[in-house]
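Working through the structure, step by step
Residues per chain, in single letters:
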Amino acid sequence: MFNKHPLRTLCVLALAATATFTQAQTWPAKPLKIVVPFPAGGTSDVLARLIGLKLSESLGQPVVVDNKPGSSGNLGADAVAKAAPDGYTLLLTDVGNLSIAPSLYKLPFNLETDFAPVTMVAYSPHLLVTSSQVPANTTKELIEWAKSQKGKVNFAAAAGMGSATHLAGVVFAQRAGLDWGYVPYKGGAQAMTDLIGGQVDVTFNGMVATYPHVKSGKIKLIAVSSAKRNTVLGEVPTVGETLPGFLTGSWQGLLAPAGTPQPVVDRLHQEVQRILAIPEVRGRLQVLGADPYDMPPSRFKTWLGSEVKSMAKVVKDGKVTLE
């Protein structure tokens, strides 16, 4: 249709651009909130609190971590997708989980259009761990023991059914020829509590949230899911040494609602990467087994799109459902 008021349209666009520029210039003018879609104590929560503390110092505004668990992380993600795109509400989550969700759930948000990816934060391998009551100390022994139990072994799906940790258990069971049951949890912290208590037998979980329990002797570490042996873990073998090619892990990323001004997104990326480069922070992460990871907004967006496709294939090939 012919535009009868081209000057008016230009003025509206100019005012909108000016408002966005002004907003970016004055940001941040109030406290920020980082939503973690899992309970306190898990990998995403630990990283959010570590980054939030330093971000508050550099921005001069309080940064609050808001734990909003439910639906394998989708509840908290949806809250951020629908938040005002002003740079004051952010999501720090396991983006592996987030990229699996479109293949398993009817989501109230679109991962590729409802978020502005800010930066990847860190990668940590999953640890294959068992209750101290499980009579196995190696991957081979665990497989043999699980087969002898004839379907009585319980695997903790630490971030819920359809999560990255759940799929790690599915792929492991398929590769090893196991038949075990899956017990869903809202987050890794709760799964660790039941694993320590012997209510469940085995799980894969993020290294940041799991390794402290290994060091305290409350659970047993069988193997690490990275491609190569982890420098922090010394002589602990990889799962791939028994099941060649096995590789999983926990990728944490920071996202904002779509429409967040690009200057704000860029500033957040720069601040987070500056924080991750601080020796104190980098050392803390590496002791926990996480590697800081710099992936700028544009590359992060491309990565998410490719992961959605990759995870869709894993779900299809593994015949994974939530039924």
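Let us look at the structure shown here. (Residues numbered from 1 in each chain as written. Predicted model: local features only at pLDDT ≥ 70, side-chain atom pairs only at ≥ 80, totals over all residues. Heavy atoms only, no water.)

Each helix and strand counted, the protein chain has 11 helices and 11 strands in total. In terms of overall size, the protein chain behaves like a compact globule, its C-alpha atoms giving a radius of gyration of 21 Å where 323 residues would be expected to give roughly 20 Å. Its C-alpha atoms give the protein chain principal-axis dimensions of about 75 × 45 × 30 Å. The buried share of the protein chain, taken over its 323 residues, is 53%. Within the protein chain, residue pairs in contact and separated by at least 24 positions form 79% of the contacts whose partners lie at least 6 positions apart. Carbon and sulfur atoms form 57% of the exposed surface of the protein chain, whose accessible area is close to 14,500 Å². Here the protein chain carries 30 positive and 23 negative side-chain charges, and the mean point of each set is 3 Å from the other. (Helix = DSSP H or I, 4+ residues; strand = E, 2+ residues; numbered from the N terminus. Rg over C-alpha atoms; globule rule 2.2 N^0.38 Å. Buried < 20%, exposed > 50% of the residue type's maximum accessible area, 1.4 Å probe, protein only. Contact = heavy atoms within 4.5 Å. Areas by Shrake-Rupley, 256 points an atom, 1.4 Å probe, with all protein chains shown as cover. Lys, Arg positive; Asp, Glu negative; His and termini not counted. Charge placed at Lys NZ, Arg CZ, Asp CG, Glu CD.)

In this structure, the largest pocket occupies an estimated 510 Å³ of space. Lining of the largest pocket is provided by 25 residues; of these, Leu247, Thr248, Gly249, Glu307 and Met311 occupy positions nearest its centre. Secondary-structure elements contributing two or more residues to the lining of the largest pocket are helix H4 (95-104), helix H6 (164-176) and helix H11 (297-317). Ranked by residue count, the leading element in the lining of the largest pocket is H11, at seven residues. Tallied by class, the residues present in the lining of the largest pocket amount to 14 nonpolar, eight polar and three charged. Contributing to the lining of the second largest pocket are Tyr123, Pro125, Ser226, Lys228, Arg229, Asn230, Thr231, Val232, Gln286, Gly289 and Asp291. Here the lining of the second largest pocket is built from residues that sort into three nonpolar, five polar and three charged. (1 Å grid on protein atoms, 1.4 Å probe; cavity = no way out; pocket = protein on both sides within 12 Å on 5 of 7 lines; lining within 4 Å. Points joined across faces, edges and corners; volume = space filled by probe spheres on them. Nonpolar A, V, L, I, M, F, W, Y, C, P; charged D, E, K, R; others polar.)

Further remarks concern empty space enclosed by the protein. Picture a little ball the size of a water molecule; that probe, rolled over the atoms, points out where space is still empty. Per the stated rule, a full pass over the model turns up two cavities of 30 Å³ or more. There is about 190 Å³ of room inside the largest cavity. Lining the largest cavity are 20 residues, and of these Thr43, Asp94, Ala159, Gly188 and Asn205 sit closest to its centre. Taken together, the elements giving at least two residues each to the lining of the largest cavity come down to helix H2 (43-59), H6, strand S8 (202-206) and strand S10 (250-257). Counting residues per element, the lining of the largest cavity draws most heavily on H2, which supplies three residues. Classifying every residue of the lining of the largest cavity by side-chain character gives six nonpolar, 12 polar and two charged. Of the voids in this model, the second largest cavity is the one considered here, and its volume is about 30 Å³.

This brings us to the nonpolar core. By size, the foremost hydrophobic cluster in this structure holds 34 residues, and its most contacted members are Leu32, Leu92, Val121 and Leu268. At the level of secondary structure, the elements contributing two or more residues to this core comprise strand S1 (32-36), H2, strand S2 (63-67), strand S3 (89-94), strand S4 (115-124), S10, helix H9 (262-276) and helix H10 (279-288). If we ignore the near neighbours within four places in the chain, the residues touching leucine 92 are Ile34, Val35, Val36, Pro37, Ser44, Leu47, Ala48, Ile51, Val121, Gln252, Gly253 and Leu254. (Core = buried A, V, L, I, M, F, W, Y, C linked by side-chain atoms within 4.5 Å.)

Relative to the helices and strands, leucine 268 is located in helix H9. C-alpha separation for the pair leucine 268 and leucine 55, spaced 213 residues apart in sequence, amounts to 8.9 Å. Apart from the residues lying within four places of it in its own chain, the contact partners of leucine 268 are Trp27, Leu32, Leu55, Leu90 and Val118.

To continue, consider H4. Burial within H4 is extensive, with eight of its 10 residues counted as buried. Along its buried surface, H4 packs onto helix H3 (74-81), S3, S4, H6, S10 and H11. By the N-cap criterion, in which a side-chain oxygen at the helix start approaches the backbone nitrogen of a residue two or three places on, H4 is capped by aspartate 94, the distance to glycine 96 being 2.8 Å. (Polar contact = N/O pair within 3.5 Å; in protein donor to acceptor, adjacent residues only side chain to side chain.)

Pairs of packed helices are described in terms of their axes, by the angle between the two and the distance that separates them. Between H2 and H10, the shortest axis-to-axis distance is 12 Å and the interhelical angle comes to 175°. Of the possible angle classes, the one that applies to H2 and H10 is roughly antiparallel. Side by side, H2 and H10 meet where Val46, Leu47, Leu50 and Lys54 of the first sit next to Glu280, Val281, Arg284, Leu285 and Leu288 of the second. A per-class count over the contact of H2 with H10 returns six nonpolar, no polar and three charged. (Axes fitted to C-alpha atoms, helices over the stretch in contact; angles between N-to-C directions. Parallel < 35°, antiparallel > 145°, perpendicular 65-115°, else oblique.)

With that settled, the discussion passes to the sheet that holds S2. Hydrogen bonds between backbone groups are what pair the strands of a sheet, and the pairing can be parallel or antiparallel. Spatial strand order, S2-S1-S3-S10-S4-S11: six strands in an open sheet with mixed pairing. Edge strands, defined here as strands with exactly one partner in the open sheet, are S2 and strand S11 (291-295). On average, each strand axis in the sheet is tilted by 25° relative to the strand beside it, whichever way the strands run. Bridge count for S1 against S3 is three bridges, and the pairing is parallel. Its bridge partner being in S3, valine 35 is matched across the sheet by leucine 91. Together, S3, S4 and S10 form the strand contacts of H4, whose direction differs from that of S3 by roughly 90°. (Pairing = 2+ DSSP bridges.)

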